[in-house]
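Descriptive structure summary
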Amino acid sequence: MISIDPLLNRTFDRDNYHCVHLLIDAGKHLFNYDFSHCFLGLTGSLNDTLTPTKAGIEQGELVSKPSTGTIVSMMTLDNRHHVGLYYCDRVLHLSELGTRFETLRSIKRQYKKVRFYDVKSLSQRA
């Protein structure tokens, strides 16, 4: 198991560093895997309307249960998209409060919709 400590000091910035950036950085750090192809066009400012693209979603397979390395897609009560990475039975994500490492139970309480996507090329490497 690789430590998430180097990822815990990340600071949320609507324009330059948000949940998508953390997920990409976490993939590189934890798995030596670049998730960028799953988030084409989604690394801009959160002031823009960022919604997942069909091409990005097709990069992953919708699964009912997460495993290590699964992308966690969440929807807020006000219909904003948010993403995190499932690792060591928790979800690593970046909110306005900073980097969070929360249980799935906690995530499901905070978000109205939670979905899991496995990226085939990552699972084939593991």
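Criteria and thresholds
Residues numbered from 1 in each chain as written. Predicted model: local features only at pLDDT ≥ 70, side-chain atom pairs only at ≥ 80, totals over all residues. Heavy atoms only, no water. Buried < 20%, exposed > 50% of the residue type's maximum accessible area, 1.4 Å probe, protein only. Helix = DSSP H or I, 4+ residues; strand = E, 2+ residues; numbered from the N terminus. Pairing = 2+ DSSP bridges. Axes fitted to C-alpha atoms, helices over the stretch in contact; angles between N-to-C directions. Contact = heavy atoms within 4.5 Å. Phe/Tyr/Trp six-rings, centres within 6.5 Å; stacked < 30°, edge-to-face > 60°. pLDDT = per-residue confidence, 0-100.

Moving on: the pairing of strand β3 (residues 81-87). Of all the 7 residues making up β3, 6 are buried; the element is thus mostly covered by neighbouring parts of the structure. As judged from the 4 bridges shared by β3 and strand β4 (residues 90-95), these two strands associate in the antiparallel manner. Directly across from Y87, in β4, lies its bridge partner R90. Hairpin geometry of β3 and β4 is characterised by an intervening segment of 2 residues between the two adjacent antiparallel strands and by a positive phi of about 55° at C88.

Another aspect to go through is the sheet that holds strand β1 (residues 60-63). Ordered by their spatial adjacency, 6 strands build an open sheet running β1-β6-β2-β3-β4-β5, and the pairing between neighbours is antiparallel. Each having just a single partner strand, β1 and β5 (98-102) make up the two edges of the open sheet. Geometrically, the sheet is characterised by an average inter-axis angle of 30° between neighbouring strands, direction not taken into account. Sheet strands touched by helix α1 (residues 19-31): β2 (71-75), β3, β4 and β5. Its angle to β3, the strand with the most contacts, is close to 15°.

Take the environment of D13 next. Within the fold, D13 resides in the segment before α1. The sequence separation of D13 and S95 amounts to 82 residues, and the corresponding C-alpha distance is 9.4 Å.

Quick look at the side chain of S73 now. Locating S73 in the fold gives a position in strand β2. A residue is classified by how much of its surface remains accessible, and S73, at 18% relative accessible area, is buried. Residues contacting S73, with those up to four places away along its chain left out, are H82, V83, K113, V114, R115 and Y117.

Once that is clear, we can look at the packing of aromatic side chains. Across all of its chains, the model carries 2 aromatic pairs by this definition. Judged by centre distance (5.9 Å) and plane angle (75°), the rings of F31 and Y87 are edge-to-face. Placement of F31 in helix α1 and of Y87 in strand β3 is noted, with a sequence separation of 56 residues between them. With relative accessibility at 22%, the residue F31 sits in the partly exposed group.

Residues with a pLDDT of 70 or more make up 79% of the protein chain, whose mean pLDDT is 84. Element-level pLDDT for the protein chain is lowest in helix α2 (residues 54-57), with a mean of 49, against a maximum mean of 97 in β5.

Turning our eyes to something else, we now look at unusual backbone geometry. Even without being glycine, C88 reaches a positive phi, approximately 55°. By the element assignment, C88 lies in the loop between β3 and β4. A positive phi angle is found at D89, which is not glycine, with a value near 60°. Owing to a relative accessible area of 59%, D89 belongs among the exposed residues under this scheme.

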